[in-house]
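# Observations on the model geometry
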Amino acid sequence: MEQGIVPEMVAECIGTFILVLFGVGSVAVSVWTGGLSLWPVSLMFALGVTLGVYASGKISGGHINPAVTLTLAVFTGFSWAKVGPYIFAQFVGAILASAAIYGFYSGIVANFEAGAELVRGQPGSQLSAMGFGTYAPNPAFNGTTPEAFERVSMTQWFLSEAFTTAILFFGVLFLTDKHNTSAPSANRAPLFIGLLVAALVAYEAPISMTAMNPARDLGPRIMSFVFGWGEMAFPGPRGGWWIPSIASIAGGLVAGAFYRGFYRSVFEAYDTETPEWEKTK
């Protein structure tokens, strides 16, 4: 029976909520309490992605990422009529999760700021705002001084985000392609996608905190603006608030173009041909 778009929107909202609560929440715990290091944070993102996809996949396909929705619409025939509702629901989920994080941790982040002598909304306070949005270079690893900014240029920031997102999307496509007979079964694919996210976060986080998802960055960033970080949220200390969102969309589209334009045809060809390495057995 046709259920309409609302159940799919609810599923995308819930899936994205889980992703942001676990993933962004683990960053907040790491920064504000020192309770988690990089690899546990990476695994928390993996868990958030995996559970988010499992929670929403049967109903909506488990996009939980506006860049995924756009890429699938461009290259796989996903309905353009659903793109707007899906993205809206994803941002609602991200915003609600960010509000929950702040609601429970408001006193802890205030204590962290007092101990670090940070004035919320003033230069340097991206060190506490990074519990929500992403910044380059990663303030926890590189500091917040002008000298630190020189370590990662704006171009490097954009390209690094686009690069890691392209790898993620390429992985999502080959892990879910029915022509790829060596891929895991459909019910295990979310687990491997989550592990891929963990690996990419562990690799890229010191550069720009690894957004790979406009909702993951922009939703929490909006809430950090509401909660008093002001110019540290928009336009950000370097004016680069838009980079995580635009770069992740660009990376997704590049990966989609490469996969659908070339790589998928390889899998299709090998559906009927015996690989050379098989012939030697």
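Below, the structure is looked at part by part. (Residues numbered from 1 in each chain as written. Predicted model: local features only at pLDDT ≥ 70, side-chain atom pairs only at ≥ 80, totals over all residues. Heavy atoms only, no water.)

### Side note on the overall build of the chain
Counting secondary structure elements, the chain contains 12 helices and zero strands. When its helices and strands are written in sequence order, the chain yields α-α-α-α-α-α-α-α-α-α-α-α. Each of the three principal axes of the chain carries a C-alpha extent, and together these read 65 × 45 × 30 Å. Excluding contacts between residues fewer than 6 apart, the proportion of contacts in the chain whose partners are at least 24 apart in sequence is 73%. (Helix = DSSP H or I, 4+ residues; strand = E, 2+ residues; numbered from the N terminus. Contact = heavy atoms within 4.5 Å.)

### Quick look at the packing of aromatic side chains
If you walk through the whole model with that rule in mind, you get 19 aromatic pairs. Ring pairing ties together the aromatic residues Trp 32, Tyr 102, Tyr 105, Phe 132, Phe 227 and Trp 229, which thus form one cluster. Over the ring of Trp 229 we find Arg 120; its NZ or CZ atom is 4.1 Å from the centre of that ring. Lying over the aromatic face of Tyr 135, Arg 221 brings its terminal NZ or CZ to 5.0 Å of the ring centre. (Phe/Tyr/Trp six-rings, centres within 6.5 Å; stacked < 30°, edge-to-face > 60°. Lys NZ or Arg CZ within 6 Å of the ring centre and 35° of its normal.)

### Quick word on the nonpolar core
Note that soluble globular proteins tend to have their nonpolar side chains buried in a common cluster. Core analysis: the largest hydrophobic core is formed by 51 residues, its most contacted members being Trp 32, Phe 45, Leu 168, Val 197 and Trp 229. Those elements that place two or more of their residues in this core are helix 1 (5-33), helix 2 (38-60), helix 3 (66-75), helix 4 (80-115), helix 8 (154-176), helix 9 (189-208) and helix 10 (214-229). With 10 residues, helix 4 is the largest single contributor of residues to this core. Sequence-distant contacts of Leu 168, that is, excluding residues within four places in its chain, are made with Ile 193, Leu 196, Val 197, Leu 200 and Met 212. (Core = buried A, V, L, I, M, F, W, Y, C linked by side-chain atoms within 4.5 Å. Buried < 20%, exposed > 50% of the residue type's maximum accessible area, 1.4 Å probe, protein only.)

### Looking at helix 11 (residues 243-270)
Between its first and last C-alpha, helix 11 extends 38 Å over 28 residues, near the 40 Å set by a 1.5 Å rise per residue. Tyr 259 marks where helix 11 bends most, by close to 45°. Within the span of helix 11, buried status applies to Ile 243, Pro 244, Ser 245, Ala 247, Ser 248, Gly 251, Gly 252, Ala 255, Gly 256, Tyr 259, Arg 264 and Phe 267. Where the residues of helix 11 are buried, they touch helix 3, helix 8 and helix 10. (Expected span 1.5 Å × (residues − 1). Bend = angle between axes of the 7 residues up to and from the residue.)

### Some points on the pattern of salt bridges
Here the structure, examined in full by the defined rule, presents four salt bridges. Note that Arg 264 and Asp 177 form a salt bridge whose closest N and O atoms lie 3.5 Å from each other. Here Asp 177 lies in the loop between helix 8 and helix 9 and Arg 264 lies in helix 11, a separation of 87 residues in the sequence. Overall, the relative accessible area of 7% leaves Asp 177 in the buried class. Arg 221 serves as the salt-bridge partner of Asp 217, at 3.0 Å between the closest nitrogen and oxygen. Taken together, the residues span about one helical turn, with Asp 217 and Arg 221 both in helix 10 at a distance of four residues. On the basis of relative accessible area, Asp 217 is assigned to the buried category, the value being 0%. (Salt bridge = Lys/Arg side-chain N within 4 Å of Asp/Glu carboxyl O.)

### Things to note about a nonpolar patch on the surface
A cluster of nonpolar side chains, contributed by Leu 47, Leu 51, Tyr 54, Leu 191, Phe 192 and Leu 195, occupies part of the molecular surface with about 520 Å² of accessible area. Locating Tyr 54 in the fold gives a position in helix 2. (Patch = residues over 30% accessible without salt bridge, like charges linked within 9 Å, V, L, I, M, F, W, Y side chains within 5 Å. Areas by Shrake-Rupley, 256 points an atom, 1.4 Å probe, with all protein chains shown as cover.)

### Observations regarding the packing of helix 1 against helix 10
Orientation of helix 1 relative to helix 10, taken along the N-to-C sense of each, is 70°, at an axis distance of 10 Å. The angle between helix 1 and helix 10 places the two elements in the roughly perpendicular class. Contacts from Thr 16, Val 20, Val 24 and Val 27 in helix 1 reach Ala 215, Arg 216 and Pro 220 in helix 10. Taken together, the residues of the contact of helix 1 with helix 10 sort by class into five nonpolar, one polar and one charged. (Axes fitted to C-alpha atoms, helices over the stretch in contact; angles between N-to-C directions. Parallel < 35°, antiparallel > 145°, perpendicular 65-115°, else oblique. Nonpolar A, V, L, I, M, F, W, Y, C, P; charged D, E, K, R; others polar.)

### What to know about the packing of helix 3 against helix 11
Contact geometry for helix 3 and helix 11: axes closest at 9 Å, N-to-C directions at 35°. Judged by the sense of rotation from one axis to the other, the crossing of helix 3 with helix 11 is right-handed. For the pair helix 3 and helix 11, the contacting residues are Ala 67, Leu 70, Thr 71, Val 74 and Phe 75 in the first and Ser 248, Ile 249, Gly 252, Leu 253, Gly 256, Ala 257 and Arg 260 in the second. The residue makeup of the contact of helix 3 with helix 11, split by class, is seven nonpolar, four polar and one charged. (Left-handed = near helix turned anticlockwise from the far one by under 90°.)

### Thoughts on the side chain of Thr 134
Positionally, Thr 134 belongs in the loop between helix 5 (126-129) and helix 6 (139-142). A relative accessible area of 0% means that Thr 134 is categorised as buried. A polar atom in the side chain of Thr 134 sits 2.7 Å from the side chain of Asp 217. (Polar contact = N/O pair within 3.5 Å; in protein donor to acceptor, adjacent residues only side chain to side chain.)

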